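# A structural walkthrough
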Amino acid sequence: MAEVYLRAGWLIPFYSLLGILLTIPWMSVRRTGPRPAGYLNLATTVLALVHALLALSAVWGQEPLRLSIGWMQVADLSIELPFELSTLNLVAVVVVTTLNLLAQIYAIGYMEMDWGWARLYSLLALFEAGMTALLLCDSVFFSYMMLEILTLGTYLIVGFWFNQPRVVTGARDAFLTKRVGDLILLMGLIALYPLAGTWSYSELAQWSSDQPIEGLTATLVGLALLAGPISKCAQFPLHLWLDSAMEGPLPTTILRNSVVIPVGAWVLIKLTPVLALSPVVDTVAVAIGTITAIGGALISIAQIDTKRVLSYLTSAFMGLILIAVGTSQVGVAYFLLMTFSVAIAALIASTGSIVFTCVTQDLTLLGGLWSRRPVTALSFIFGALGILGLPPFGGFWAMRFLETGLWYDGQILPFAIVLAINGLCAFSLVRMFCLIFVGQPKAMSTRAPEPLWAIVLPMAIMAALTLHVPIMLQTLKLLPIMQTAIGETGLLLIWSTMLGLGLGFVFYGIQREKLPADYVPQWMTNLFAYDFYTPGLYKNLLIWPVASIASVFDWVERYIIDGLVNLVGALSLLSGETLKYSNPGRSQLYVLTITVCIVLLGIVMTLSTMKNLGQLTAAF
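Residues numbered from 1 in each chain as written. Predicted model: local features only at pLDDT ≥ 70, side-chain atom pairs only at ≥ 80, totals over all residues. Heavy atoms only, no water.

### Overview of the nonpolar core
Within the largest apolar cluster, 166 residues are counted, with the highest numbers of intra-cluster contacts made by M131, L225, I254, I321 and L336. Residues within four places of L336 in sequence aside, it is in contact with L320, I321, A324, A398, M399 and L402. If you look at the next biggest cluster of nonpolar residues, it comprises 5 residues, including I301, V430, C434 and Y508. (Core = buried A, V, L, I, M, F, W, Y, C linked by side-chain atoms within 4.5 Å. Buried < 20%, exposed > 50% of the residue type's maximum accessible area, 1.4 Å probe, protein only. Contact = heavy atoms within 4.5 Å.)

### Thoughts on unusual backbone geometry
It is generally the case that most residues other than glycine have a negative phi and that most peptide bonds are trans. Following F236, the chain continues into P237 via a peptide bond in cis, with omega recorded as 5°. Among the secondary structure elements, P237 is positioned in the loop between α9 (215-232) and α10 (240-245). Cis rather than trans, the peptide bond between P391 and P392 has omega equal to 5°. Mapping P392 onto the fold places it in the loop between α16 (374-387) and α17 (394-408). Positive phi values are uncommon outside glycine, yet V359 reaches one of about 55°. Structurally, V359 can be placed in the loop between α15 (330-358) and α16. Relative accessible area serves as the criterion here: at 66%, V359 is assigned to the exposed category. Unlike most non-glycine residues, F532 shows phi in positive territory, near 55°. (Helix = DSSP H or I, 4+ residues; strand = E, 2+ residues; numbered from the N terminus.)

### Comments concerning the packing of aromatic side chains
Here the distance between the centres and the angle between the planes together describe a pair of aromatic rings. This structure, assessed with the given rule, holds 25 aromatic pairs. Aromatic side chains Y106 and Y110 sit 6.0 Å apart centroid to centroid with 20° between the ring planes, which places their arrangement in the stacked category. In this pair, Y106 and Y110 both sit in helix α4 (residues 87-110), 4 residues apart, roughly one turn of the helix. Since its relative accessible area comes to 0%, Y106 is described here as buried. Ring geometry for F141 and W199: centres 4.6 Å apart, planes at 15°, overall stacked. In this pair, F141 sits in helix α6 (residues 140-158) while W199 sits in the loop between α7 (165-196) and α8 (201-208), placing the two residues 58 residues apart along the sequence. For the pair F141 and W199, a shared accessibility class is recorded, and that class is buried. Joined through ring pairs, the aromatic side chains of F141, F142, Y193 and W199 make up one cluster. The residue whose ring lies beneath R119 is F160, and the NZ or CZ to ring-centre distance is 4.3 Å. (Phe/Tyr/Trp six-rings, centres within 6.5 Å; stacked < 30°, edge-to-face > 60°. Lys NZ or Arg CZ within 6 Å of the ring centre and 35° of its normal.)

### Topic: the layout of surface pockets
Counted as a void, the largest pocket has a volume near 1300 Å³. G170, D173, L240, D243 and S244 are the residues nearest the centre of the largest pocket, which is lined by 43 residues in total. In terms of residue count, α7 provides more of the lining of the largest pocket than any other element does, 9 residues in total. In the lining of the largest pocket, the residues fall into 21 nonpolar, 11 polar and 11 charged. When residues are assigned to domains, the lining of the largest pocket turns out to be shared by domain 1 (1-138) and domain 2 (539-608), each giving three or more. (1 Å grid on protein atoms, 1.4 Å probe; cavity = no way out; pocket = protein on both sides within 12 Å on 5 of 7 lines; lining within 4 Å. Points joined across faces, edges and corners; volume = space filled by probe spheres on them. Nonpolar A, V, L, I, M, F, W, Y, C, P; charged D, E, K, R; others polar. Domains from an automatic or database assignment.)

### Considerations on helix α3 (residues 35-59)
A rise of 1.5 Å per residue sets the reference length of α3, with its 25 residues, at 36 Å; its end C-alpha atoms lie 37 Å apart and thus fit the reference within 8%. At the C-terminal side of α3, G61 shows a positive phi close to 75°. (Expected span 1.5 Å × (residues − 1).)

### As for α7
Its 32 residues place the ends of α7 46 Å apart at the C-alpha level, agreeing with the 46 Å of an ideal helix rising 1.5 Å per residue. G197, located one to two residues past α7, shows a positive phi value of around 75°.

### Re empty space enclosed by the protein
For the structure on display, the rule yields 3 cavities of 30 Å³ or more. Of the voids in this model, the largest cavity is the one considered here, and its volume is about 70 Å³. Around the largest cavity sit F317, I321, L336, T339, F340, G386, I387, G395 and M399, which together line it. Counting residues per element, the ones that place at least two in the lining of the largest cavity are α14 (306-326), α15, α16 and α17. Counting residues per element, the lining of the largest cavity draws most heavily on α15, at 3 residues. Residues belonging to the lining of the largest cavity are distributed by class as follows: 6 nonpolar, 3 polar and no charged. Its volume calculated, the second largest cavity comes out at about 40 Å³.

If you want it as structure tokens, here you go:
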């Protein structure tokens, strides 16, 4: 029976599409409200999760099942949609559907009074359909199509409250920034197909093993393929959209940061064999990941908005995945994705429960919530520990494997950078924890009990999943024995984590007269708080020149091109009006005018004929 579910695994994305169809009738219902739309989508997500679990049990320990479905046949061109139902792909589908189910339950409590339920749940279903289809398909071209669906979904979900100017701006920025990477990625796909003759991931890996291209060709194709995931994962220089996207509803933020952004990294990891054909591409991937990770961690330290802190930490950890990809550590990259997805979901869910009851996301207005919100505080702690390099949690093992690979490859600088990133992230998270849960209660946190069960339950489940990641890995025999696994690199990771946690607690956990910001120069605080002034640089270096050139062309079109057309029209109108008033309607005058014109035309023709005859006579 499980074999049947495995062969029908390609139908998993259609459960959420069914949920969208069932949601449509409730978008205009006013008497009972749109709430049934949410429950219908919850049911379809449960069906998708159960189907994925049954298919996973069938393929566990077996060879991947590959299916191919005809998509388009035009003359000699035949395009098929290939699916790969493997253990890795189905585990990823289970993670996506589980987190989406928890985010939908979370939305029941968080969006309880919002009348946009039907639209919200239909967009969550759209995300689920796009992500599960992307994870199961074995074609980079169809993965690109799914990424386009996710880009559209991001635009719609960020602009959910479209009557707010900042929301509209955030949706526009997210959409346009992603379109830059998508366009370059499409050019890379078009260039790749004539070279490889396939878009299948498995066939591309086999093709890449023969070193078919090198030099400039491999570099250009690799950089183009790298551009798309860079924009999806909010990496420098296409990173600012994630901060703007935080204007959307918080349940959608859980889904976006935990699985939507990692799905973009999934495509990058699958393309690692092609990217490895050029050392330049690997170097660029490591450089971009390093810049984004260090910059994101430093910027998060100076933010006072809870969502901004977590958005920049998301970009920072995606930077670690780029470092793993650039050093061809594919298994480590998958490991990082799984541990990060579950942990960041718990972090965002716990932060959202604070925002829900305190009605603010300003860290300076919070404090003293440990005694009032113990479940939320523990969920935040478990989420933070799941990300940082501290055993026995999953984040430690992921970064420990990454550091071991870097050390044995002799890449000392990336090794040190990862240690620094881990310490900075630890400092940022303990700072955020102390500002929210430690100290004396403030005006916005004086009365802040635990919220509704619909918020607390999924938040606690996410925290529990974070704790169980090492246990699941041990069950799968992916972790070595603890006593021999920590090693020197593990000890260095532990020391960097403890250093970040200790400094963060000293600066923000102990009451003092001077603010922590007073210990650093003001210019440095402003540099981190204002995102290294990158928004201003983009505005002056990119937006202003483009807007100025567009204004010049607009002026030319309006006053020169359109002006000439309007001038011809005005002259025709003026001449017509003049002719109308110069004609009294007398037939004698019309006959005289026609006669004069005929006479003048005859004179002109006669003069021309006499001139031609004179030239002919002179020739004889």
